[in-house]
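# Overview (structure and organization)
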Amino acid sequence: MAVTTAGQTSSQEAAKASFLYRPEVRAVIYQLILLAGIVAFFWYIISNTIINLRRLGIASGFEFMSRTASFDISQTLIPYSAGSTYFTAFMVGLWNTVLVSVIGIVLATILGFIMGIARLSSNWLIARIGTIFVEVLRNIPLLLLLLFMYFAVLKSDLLPQVRNARELWFGSYISNRGINLPAPIFEPGFGYVMLAAILGLALAVGIGIWARRRRLLTGQPFPAFWVGVAVTVAIPLVVAVLMGRPMSFDYPVKGTFNFTGGFVLSPEFLALLAGLSVYTASFIAEAVRAGILAVSKGQKEAAAALGLAPNQALRLVVLPQAARVMIPPLTSNYLSLTKNSSLALAIAYPDLVAVTGTMLNNTGQAVEIILLTMAVYLTLSLLTSLLMNWFNARIALVER
Amino acid sequence: MKSIKIVGLAALVALGGATGALAQAKTLEAVKARGTLLCGVGPAAPGFSNPDDKGNWVGFDVDYCRALAVAIFNDPAKVTFKPLTSKERFTALQSGEVDLLSRTTTWTMSRDSSLGLTFAGTMFYDGQGFMVKKSLGVKAAKELNGASICLQTGTTTELNVSDFFRTNKITYKPVLFEKSDEVTAAYDSGRCDAITNDRSGLASDQVKLKAPADSVLLPDIISKEPLGPVVRQGDSQFFTVTKWVYFALLNAEELGVTSANADEMAKSTNPEIKRLLGTEGDFGKGIGIANDWALQIVKKVGNYAEIYDRNFGAKSPVQIARGANELWTKGGLQYAPPIR
Ligand SMILES: N[C@@H](CCC(=O)N[C@@H](CS)C(=O)NCC(=O)O)C(=O)O
């Protein structure tokens, strides 16, 4: 009996001792220590910040967001005036960032694909153009590129002064104040045109699905893309004519200093968009090239053996497989483009950072404003990543 | 890239206590221990502050910091100039990257309150104006309806111009840059019809243009811009020194003490001059510096009139009439409390 008890106790002790040595337990303990450390760190920083701000006599809190901004912003996608609140100003900056980023991503992708494929072209000249594009743009600091795009173009006599603005098509003008375009004015009945456009788009998608199914079953090709485009354009056009053209245009008119009426794509917006697009395109081109090179040569040869033309082989066989390799670097390039758009202030484009810079100077609330700004960029980045991951997953499935 | 800098500065505020990077309340002691004064100035504002062809900082705002360095170290060279854009300047001061700003900064109520700053005085009385190309034929600011106007961000300029157009029920298109060089470059290229800035700033901008003579300042003055050195709140000792250096420059001018006659004047029997130059009383000691502080300042940097003349006078590239910045005895607004 005594022996067994003793044995039990010692094994219990052993169990107790080894409890701390069990890997699962240790893992939890380490996690807890880490968590405590992180909490303590942030607690320290936050309390420190509050104490320091108070000691320095700097205002804190977020109440300022509902105060009047009393400064103007040159490009506003949502209603805004100097009498609006700081919060509205913040949103104006946010939308300006989103606008230039989204359009920039689309343009950079198109240009990047063209240049990446060009670099692999068997045509000597085209391949060289691709190489030069990539090597030059990739190696210029973006800020310099933006300043060049903006000031070099403005200073050169490439663009006429406003007073001598050059007329382009449909009553639009180009000058060193930007591109002035007629603005559409929607009249009653335009809703039907919109409806028709949606219908056309749905039809185009339907045609695409049908054509794909038929190709998979019978191998018969169908120019689904072009037919789709035609349908999407033609249907609303027909409806518009039937409805008696329920849309008119507000044309830009030369005023004393600037054009009035219509809407304007400012030189700042155009330069930023162009700079961000070509710069990012040079990186995307490399991702595209790497993706294509990652597809084994046998695939191309097999496609050729099946009688596919080179561009069909590229579109139907190589790119779908290359996409899997390209998506991750593509995602990070999209994220860079969005974050790089914060250089906008150097060329006077009112993006989020430019607007919050003014807010920060007038309220003095650097900590709050920078936290908000960082939160916005983080959110935009996460959204982009989510979207791209979803797309990536889809492509991976399709491949199987 | 600037935003990175500002994020860094914000982080400094956050970690301040931990890193010790935040300037302590005892700025004067910190400056003395460091051996150099950190003075925030405008990067490219001829007349106020810009590097000359040898890379030395010169200008009205620069000379004030040199005078302050003489007061503290008896050496006008013991200043490190930190060029700061309008947008960066307050964060730089709050976080202790500089000891003070001497950079065409307007004294306003919000800067005195929510930004946690204190102005040492009005070194330069100014007001906001507009500069246009002569060829436009514009004679008054109200004719600028619909114009594109270039200006610097992070300034009172940005707010005043908005108020001006709003109250006059006319419109304009702002084109906002961070650097003054970008403002002048954009204006030169014809991107905007006008530049708006403090009128002294416009005079400074004008000399940077390709063809300065083709532009003209409009007569309108749309705001009050009292410009002066500014320090952090809560350090009355350093604040007092910065304030009295400014007053000493004015008192020296008023009493006729110049860099040429300062030593001679030190022998004067006039009690006011004796108190200023430290031959009577312990005024310097009272604020934590040497008793002959003002004598040394005038000898090494000059009095207010000499500084003004050097930077805005007939021989300087930027010429601005004294106007409101004359001494009160000559019909101006510059007026310093007495040393006694
Ligand atoms: N006084 C205004 C404007 C100050 C300001 O930044 N002025 C310009 C024009 S002189 C300047 O200092 N620029 C110099 C530079 O950035 O190089 C304020 O305090 O907000």
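Data block above holds the structure.
Anyway, here's the lowdown on the structure attached to this text. The structure displayed is predicted, hence computed values, not measured ones. Every chain's residues receive numbers from 1 upward, in the order its sequence appears when written. Going through the entries in the order they are written, you letter the chains from A and number the ligands from 1. Residues qualify for local features only when their pLDDT is at least 70, as the model is predicted, and side-chain atom pairs are given and counted only at 80 or more; totals for whole chains, interfaces and linings, by contrast, use all residues. With hydrogens and water excluded, all non-hydrogen atoms of the structure serve as input to the side-chain values.

### Regarding the interface of chain A and chain B
Basically, it comes down to this: Only heavy atoms enter the contact rule, under which two residues are in contact if any of them lie within 4.5 Å. Accessible area that two parts lose when put together, evaluated with a 1.4 Å probe and summed over both, is termed the buried area. What makes a salt bridge here is a side-chain nitrogen of Lys or Arg within 4 Å of a carboxyl oxygen of Asp or Glu, nothing more. Only runs of H or I of at least four residues qualify as helices and only runs of E of at least two qualify as strands under DSSP, and these elements are numbered from the N terminus. Throughout, the ten residues Ala, Val, Leu, Ile, Met, Phe, Trp, Tyr, Cys and Pro are labelled nonpolar, Asp, Glu, Lys and Arg are labelled charged, and all others, Gly among them, are labelled polar.
Taken together, the 51 residues of chain A in the interface contact 54 residues of chain B. Taken together, both faces of the contact between chain A and chain B bury some 4100 Å²; the carbon and sulfur share is 57%. The largest contributions to the chain A side of the interface with chain B come from Leu56, Phe257 and Asn361 of chain A, which together make up 17% of the buried area. A salt bridge links Arg163 of chain A to Asp193 of chain B; the nearest nitrogen and oxygen atoms lie 3.9 Å apart. For the side of chain A that touches chain B, the secondary structure elements donating two or more residues are helix H2 (23–56), helix H5 (142–155), helix H8 (267–294), helix H11 (352–363) and helix H12 (366–399) of chain A. Here the side of chain A that touches chain B takes eight residues from H2 of chain A, the largest share from any one element. By residue class, the composition of the side of chain A that touches chain B is 28 nonpolar, 17 polar and six charged.

### Overview of the sheet that holds strand S1 (residues 166–167) of chain A
Basically, it comes down to this: For two strands to be treated as a pair, DSSP must find no fewer than two bridges joining them.
Strand order across the open sheet formed by four strands is S1-S2-S3-S8 (chain A), with antiparallel pairing between neighbours. Of all strands in the sheet, those bounded by a partner on one side alone are S1 and strand S8 (263–265) of chain A.

### Here we look at empty space enclosed by the protein
We apply this condition: Cavity: a set of points on a 1 Å grid over the protein atoms alone where a 1.4 Å probe fits but cannot get out. Pocket: an open set with protein on both sides within 12 Å along at least five of seven lines, its lining residues, like those of a cavity, having an atom within 4 Å of a point. Grid points are joined across faces, edges and corners, and a volume is the space filled by probe spheres set on the points.
The tally for this structure, following the rule as stated, stands at four cavities of 30 Å³ or more. Roughly 120 Å³ of internal volume is contained in the largest cavity. Listed by contribution, the elements that provide at least two residues to the lining of the largest cavity are H11 of chain A together with strand S10 (172–177) of chain B. Residues belonging to the lining of the largest cavity are distributed by class as follows: 11 nonpolar, three polar and two charged.

### Observations concerning the site of the ligand
Residue and element names in this part refer to chain B. The line we're drawing: Nearness is judged by heavy atoms alone; a residue qualifies as near a molecule or strand once a single heavy atom is within 4 Å of it. Two N or O atoms form a polar contact when they lie within 3.5 Å of each other; inside protein one atom must be a possible hydrogen donor and the other a possible acceptor, and for residues adjacent in sequence the pair counts only when both atoms belong to side chains. The protein chains shown are the only cover counted for residues, whose accessible areas, like all others here, come from Shrake-Rupley with a 1.4 Å probe. Each domain's limits were defined by an automated method or a database of domain assignments.
Around the ligand, the structure places 21 residues, and the nearest of them are Ala44, Ser86, Arg89, Thr106 and Asp198. Here Ala44 contributes a backbone N or O atom positioned 2.7 Å from an oxygen atom of the ligand. When the ligand is considered free in solution it has 500 Å² of accessible area, and contact with the protein chains removes 99% of it. Listed by contribution, the elements that provide at least two residues to the shell around the ligand are helix H6 (156–167), strand S11 (194–198) and strand S13 (225–227). Residue composition of the shell around the ligand, grouped by class: four nonpolar, 12 polar and five charged. The residues that make up the shell around the ligand include at least three from each of domain 1 (8–124 + 227–330) and domain 2 (128–223).

### Thoughts on the pairing of strand S3 (residues 178–181) of chain A
Residue and element names in this part refer to chain A. Alignment of strand S2 (residues 173–175) against S3, held across three bridges, turns out to be antiparallel. Bridging across to S3, Tyr173 finds its partner in Asn180. Counted between consecutive antiparallel strands, the loop separating S2 from S3 contains two residues. Taken together, the three bridges between S3 and S8 define a ladder with antiparallel strand orientation. Each bridged residue has a counterpart across the sheet, and for Ile179 the counterpart in S8 is Leu265.

### Digging into the pattern of salt bridges
For the record, the criterion: Type-normalised accessible area, obtained with a 1.4 Å probe on protein chains alone, sets the label of each residue: buried when under 20%, exposed when over 50%, and partly exposed for intermediate values.
Counted by the stated rule, this structure contains 17 salt bridges over all chains. We note a salt bridge from Glu24 of chain A to Arg22 of chain A, for which the minimum N-O separation is 3.3 Å. The class for Glu24 of chain A is partly exposed, based on a relative accessible area of 47%. Here Asp193 of chain B makes a salt bridge to Arg177 of chain A, at a shortest N to O gap of 2.9 Å. One end of the pair, Asp193 of chain B, is in the loop between helix H7 (180–188) and S11; the other, Arg177 of chain A, is in the loop between S2 and S3, on a second chain. Within the structure, one salt-bridge network assembled from shared partners comprises Arg119, Glu135, Arg138, Glu286 and Arg289 of chain A.

Scope: geometric values only; no functional claims are made or implied.
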